[in-house]
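A look at the structure
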Amino acid sequence: MKSILTLNNIAKSYGRIKALNGVSFEVPPGSVFGVLGPNGSGKTTLLSIILDVLKADEGNFLWFGETSTPEQRKKIGSLLETPNFYHYLSGINNLKITNSISGRGDIAAIDTVLEKVKLFERRNSRFSTYSLGMKQRLAIAAALLGDPQVLVLDEPTNGLDPVGIAEIRDLIIELSKKGHTIIMASHLLDEVEKVCTHVAILKKGTLLTTGDVNDVLVDDDLIEISAVDIDALWSAMNDYGHGIKMTRDNNMLQITLPKGTSRLDDINNYCFSKGIILNHLLFKKKRLEAKFFELTNN
């Protein structure tokens, strides 16, 4: 299946500062693709280039397998910064103005996007009465005008309180289920881990890694096990072999095995053969936060 977006060696400099250094990756259709990196890593510059706000110094990118055109841009909704909504107007009237300026879609579609972002019941309320999360949902509604296939969002949860962050997280998941491909830059790793299917991690304009979230996170298989006699369990697992590494945290053992080699049934049967009955056996995924700092602090 053709990629939604393909980047080929994108480079961009601001004087002596190299914002992007030959960045290449592909965004699969239907994915929620997170572009991650510390401040100054080039995330916003990258999004600005793929939205034709900035021009790359080198390299190129393709939308839907083709060079970017005004016609293709109609398939892409974007939120690089919060729109300047009128505080004294209702949500629906603000969207009518946005729609008139952008020329995307018809007036009837406004109700549809308000329903998508769960603001239909508050469509006639003044923007000034909206919570921060509601204001950001209205901004995403503006990006949805014209029913774009792709949404590009720059820090969609920036500045929101925990309730607002949860609202936007749930909205992104819901939009993905409805068929939108979503590309989002963010530094909130916990939130990204909850919604993204794919990631690209940048540091000082250089791509460190990219791919399916599960593939990016997993270097080794990480397993937690426990038993009533933790000392006997430790002793038994020392003889398990298979390149095992172990650490102990109170009454829990953390076992690391080479990627793809762990079999929970094998571990359980092995312990049982040694007369040990496990009361805890869990395959654990490395947190995105741990992987992120592991990569960006090197």
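**Some thoughts on the overall build of the chain**
Secondary structure assignment for the chain yields eleven helices and 14 strands. Residues classed as buried in the chain amount to 46% of the 298 residues present. By sequence separation, contacts in the chain at least 24 residues apart represent 68% of the contacts at least 6 residues apart.

**A short note on the sheet that holds strand 10 (residues 206-212)**
By definition, the strands of a sheet pair up through backbone hydrogen bonds, in either a parallel or an antiparallel sense. Taken together, six strands build an open sheet; the order of strands is 6-7-8-3-9-10 and the sheet is mixed. Of all the strands in the sheet, just strand 6 (76-79) and strand 10 have a single pairing partner and so form its edges. Adjacent strand axes in the sheet meet at a mean angle of 10 degrees when their direction is disregarded. With five bridges connecting them, strand 3 (residues 32-36) and strand 8 (residues 181-186) associate as parallel partners. Looking at the pairing, Leu36 lines up with Ser186 of strand 8. The strands touched by helix 5 (residues 132-144) are strand 6 and strand 7 (150-154); relative to strand 6, the strand with the most contacts, the crossing angle is about 150 degrees. Helix-sheet contacts for helix 6 (residues 162-177) involve strand 3, strand 7 and strand 8, and the interaxial angle to strand 8 is about 155 degrees.

**Digging into the pairing of strand 13 (residues 252-258)**
Across five bridges, strand 12 (residues 245-249) lies against strand 13 in antiparallel orientation. If you follow Thr247 over to strand 13, its bridge partner there is Gln254. Counted between consecutive antiparallel strands, the loop separating strand 12 from strand 13 contains two residues, among which Asn250 sits at a positive phi close to 55 degrees.

**Details of helix 3 (residues 91-102)**
Between its first and last C-alpha, helix 3 extends 16 Å over twelve residues, near the 16 Å set by a 1.5 Å rise per residue. Elements in contact with the buried residues of helix 3: helix 4 (108-116) and helix 5.

**A closer look at a nonpolar patch on the surface**
A cluster of nonpolar side chains, Tyr86, Tyr88, Ile97 and Ile101, forms an exposed patch at the surface whose accessible area comes to about 450 Å². Locating Tyr88 in the fold gives a position in the loop between strand 6 and helix 3. Take Tyr88: its relative accessible area is 55%, and that puts it in the exposed class.

**Quick look at the packing of helix 3 against helix 5**
Close contact between helix 3 and helix 5 brings their axes to 10 Å; oriented N to C, the two are set at 35 degrees. For the pair helix 3 and helix 5, the crossing hand works out as right-handed. Where helix 3 approaches helix 5, its residues Gly91, Asn94, Leu95 and Thr98 are matched on the opposing element by Leu138, Ala141 and Ala142. The class makeup of the residues in the contact of helix 3 with helix 5 is four nonpolar, three polar and no charged.

What counts, and where the lines are drawn
- Residues numbered from 1 in each chain as written.
- Predicted model: local features only at pLDDT ≥ 70, side-chain atom pairs only at ≥ 80, totals over all residues.
- Heavy atoms only, no water.
- Helix = DSSP H or I, 4+ residues; strand = E, 2+ residues; numbered from the N terminus.
- Buried < 20%, exposed > 50% of the residue type's maximum accessible area, 1.4 Å probe, protein only.
- Contact = heavy atoms within 4.5 Å.
- Pairing = 2+ DSSP bridges.
- Axes fitted to C-alpha atoms, helices over the stretch in contact; angles between N-to-C directions.
- Expected span 1.5 Å × (residues − 1).
- Patch = residues over 30% accessible without salt bridge, like charges linked within 9 Å, V, L, I, M, F, W, Y side chains within 5 Å.
- Areas by Shrake-Rupley, 256 points an atom, 1.4 Å probe, with all protein chains shown as cover.
- Salt bridge = Lys/Arg side-chain N within 4 Å of Asp/Glu carboxyl O.
- Left-handed = near helix turned anticlockwise from the far one by under 90°.
- Nonpolar A, V, L, I, M, F, W, Y, C, P; charged D, E, K, R; others polar.

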